[in-house]
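Residue strings, one per chain:
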Amino acid sequence: MEDILKYVRENIKRLIPYSTARDDCKIKMDVYLDANENPYNNGVNRYPSPFQEELKERIAILKKTGSENIFLGNGSDEAIDLIYRIFCEPNKSSALIISPSYGMYSVAAEINAVEIIKYRLEENFGLDARKMLSLVREDTKVIFICSPNNPSGNLLSQKEIEYVIDNFDGIVVVDEAYIDFAGSSSFSRLVNEKRNLVVLQTLSKLYAMAGLRVGIAIANRDIVKIMNNVKYPYNISCINQQTALSLLKEPLKIREQCEAIIEERGYLEKMLQPLSIVKKVYKSDANFLLVKFADKDIAFKTLGNGGVIVRDRSSLEMCDNSLRITVGTPKENDRLLGILYALDNKEFHAREKGGTDSGRSNGRRAIVSRETNETSIQIALDLDRFYTPFISTGLNFFDHMLEQIAYHANIGLNIVAVGDLKRDDHHTIEDVAITLAQAFDRALGARKGIERYGFSLPMDEAEATVLIDLGGRIDFKWEVEFKGNMIGDVNAQMFNHFFKSFSQNLKCNLHIKADGENDHHIIEGVFKAFARAMKCAVREDRQNAGIPSSKGKL
Ligand SMILES: *Cc1c(COP(=O)(O)O)cnc(C)c1O
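Residues numbered from 1 in each chain as written. Predicted model: local features only at pLDDT ≥ 70, side-chain atom pairs only at ≥ 80, totals over all residues. Heavy atoms only, no water.

1. Here we look at helix 12 (residues 296-305)
Reasoning step 1: Every buried residue of helix 12 is accounted for by Lys296, Ala299 and Leu303. Around the axis of helix 12, the buried residues are gathered within 65° of arc, so they sit on the same side. Turned more than 90 degrees from where helix 12 packs its buried face, Lys301 and Asn305 sit exposed.
Reasoning step 2: Turning to helix 12, the residues buried within the fold contact strand 9 (288-293), strand 10 (311-312), strand 11 (322-326) and helix 13 (330-343).
Reasoning step 3: Sitting at the head of helix 12, Asp295 places a side-chain oxygen 3.0 Å from the backbone nitrogen of Asp297.
Reasoning step 4: One or two steps after helix 12, the chain reaches Gly307, where phi turns positive at roughly 85°. (Buried < 20%, exposed > 50% of the residue type's maximum accessible area, 1.4 Å probe, protein only. Helix = DSSP H or I, 4+ residues; strand = E, 2+ residues; numbered from the N terminus. Arc of directions from axis to C-beta. Contact = heavy atoms within 4.5 Å. Polar contact = N/O pair within 3.5 Å; in protein donor to acceptor, adjacent residues only side chain to side chain.)

Now the structure itself:
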């Protein structure tokens, strides 16, 4: 804590935060006579959870971080304001920001009487860490970096950002409001190692909850604690917490929308480039494009007359004649393109179908959600298309094993599982197995035209053999012995359970045998062999499109 406190304002260090009676009670209460609320239930008569534990737990799984590393604010804007209030002295401190960038860094600084120093980005909006740091003064307490940057859209170099974090004696905020569109890893993975780092994210952009106002700061637990002390006690209303929670129960739909938006971004970029009224379309890693026009006023006005509003960013440094265009639905984007093509005297053919408003459809794919009292799980599976897996169950080693399935079966697989791991991991592992089996079952449909059998022979890593028959009968054999009780953060005996539940719920024969010296290698061999066997079994059989059984029935 000491290393952080040296950055904190004296009055904040001394602050005794507001506390509620409910903070202190360890056992479950059910009669609330502590807060002068109206006792008659109408859904909102009680104060909301001040530290939003349940919502944080879910966000932690999605962001692959600890819930103790999360601060939630009334939008990221609350977090930005708090950072000034905690670390900067009014009329004394300064903050260093990149330019051009998000306007709130300056506005919030001005409100808090903090002087702003601007570092102008390099050509093509790149970051030069050493040049930026050369502007740091004695009184500079905070640095703001935005990546992908708004309004330029580009991801900044991770190496340069890391250099700033490592070489600044103060707080570095990396605003990642658009990180989900960037296909790049978040700096949040470093918050425990780099003590002066605060990462901002938000539910406002990809997560489609701008109306709710839920911003996320990810940092080490000491910074999070100070932010919690300074925020308003009930900064996120119970309606907003509940709505966010329920919308986050289907996170994988959001990932599909993300893909659709990224695809549309590419389409817009390609379609805008040939226009003579367009001077430049900047490369974007976000859900918007910065576009330099020959005359932005005409473009802006013509779009406006057509009912399309975009953001004029031409007053910012390096952004003359530039408009920022958010990627919309295919239909909305066509409307924009229609207007700009007409202005350019070019013919525009709107797509008849080409992309849906909600991502891909059809094919051997499934999204399955499963909610029980113990766990909340969603799995997306695509048997015919590999994509980089996103797997988060709160158990690192288990995540790593599930990733093997995606890579070695060469399938698309995303898994998000929120369970009560503090009690035990049993439910999470078993329920993932059940849900994964349901996903395979649904993606396979009537199991027509598949190879049906799969096997995998011993591989070098460990002696693992797996046999699968998707013929509809359940026979499970497990000949695997582990030396220890735990493998990574997972109870070793749970793996037997995992495959057994899978076999029962998919209705398949599954025989697994493995041998070796090292538990980690053994189980990794099992998952890889399982994936390879599955890959054979679900493969489409070119010679036989029917039911793969002489009985004509599975
Ligand atoms: C949109 C945006 C945010 C998010 O603000 P909220 O208050 O969470 O809606 C944060 N930073 C940048 C750079 C943004 O563009």
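Now, onward.
2. Some points on the nonpolar core
Reasoning step 1: Counting residues in hydrophobic clusters, the biggest one holds 92 residues, and the most contacted among them are Tyr84 and Ile145.
Reasoning step 2: If you tally residues by element for this core, the top one is helix 5 (residues 76-87), at seven residues.
Reasoning step 3: Leu383, Ala406, Ala443 and Ala537 belong to the second largest nonpolar core, which has 61 residues in total. (Core = buried A, V, L, I, M, F, W, Y, C linked by side-chain atoms within 4.5 Å.)

3. Here's the deal with the sheet that holds strand 9
Reasoning step 1: Spatial strand order, 8-9-11-10: four strands in an open sheet with antiparallel pairing. Looking along the sheet, the strands with just one partner apiece sit at the ends: strand 8 (278-281) and strand 10.
Reasoning step 2: Inspection of the sheet shows strand 10 paired to strand 11 by two bridges, in the antiparallel sense. Across the sheet, Asp312 pairs through a bridge with Leu323, a residue of strand 11.
Reasoning step 3: Each of strand 8 and strand 9 touches helix 11 (residues 251-272); the most contacted strand, strand 9, lies at about 10° to it.
Reasoning step 4: Lying on the sheet, helix 12 is in contact with strand 9, strand 10 and strand 11; it crosses strand 11 at an angle near 35°. (Pairing = 2+ DSSP bridges. Axes fitted to C-alpha atoms, helices over the stretch in contact; angles between N-to-C directions.)

4. Overview of a nonpolar patch on the surface
Reasoning step 1: Taken together, the side chains of Phe455, Leu457 and Leu467 define a hydrophobic patch exposed on the protein surface, amounting to about 320 Å² of accessible area.
Reasoning step 2: Here Phe455 lies in strand 16 (residues 453-456). (Patch = residues over 30% accessible without salt bridge, like charges linked within 9 Å, V, L, I, M, F, W, Y side chains within 5 Å. Areas by Shrake-Rupley, 256 points an atom, 1.4 Å probe, with all protein chains shown as cover. Salt bridge = Lys/Arg side-chain N within 4 Å of Asp/Glu carboxyl O.)

5. Focus on the side chain of His408
Reasoning step 1: Here His408 shows up in helix 14 (residues 396-409).
Reasoning step 2: At 2.8 Å, the side chain of His408 forms a polar contact with the side chain of Arg532.
Reasoning step 3: Ignoring sequence-local partners within four residues, the contact set of His408 consists of Lys528, Ala531, Arg532 and Lys535.

6. Side note on the pattern of salt bridges
Reasoning step 1: Tallying each qualifying case throughout the model produces 39 salt bridges.
Reasoning step 2: Here Glu115 ties to Arg137 by a salt bridge, and the two come within 3.0 Å at their closest N and O atoms. With Glu115 in strand 3 (residues 115-120) and Arg137 in the loop between helix 7 (129-133) and strand 4 (140-146), this residue pair connects regions lying 22 residues apart in the sequence.
Reasoning step 3: Among the residues examined, Glu115 registers a relative accessible area of 43% and is labelled partly exposed.
Reasoning step 4: Of the charged contacts, one joins Asp469 and Arg452 as a salt bridge, the two residues approaching to 2.7 Å between their closest N and O atoms. Here the residue Asp469 occupies a position in strand 17 (residues 463-469), and Arg452 occupies one in the loop between helix 15 (426-444) and strand 16, the gap between them amounting to 17 residues.
Reasoning step 5: Relative accessible area serves as the criterion here: at 10%, Asp469 is assigned to the buried category.
Reasoning step 6: One salt-bridge network, in which partners are shared between bridges, spans Glu256, Glu259, Arg365, Asp382 and Arg385.

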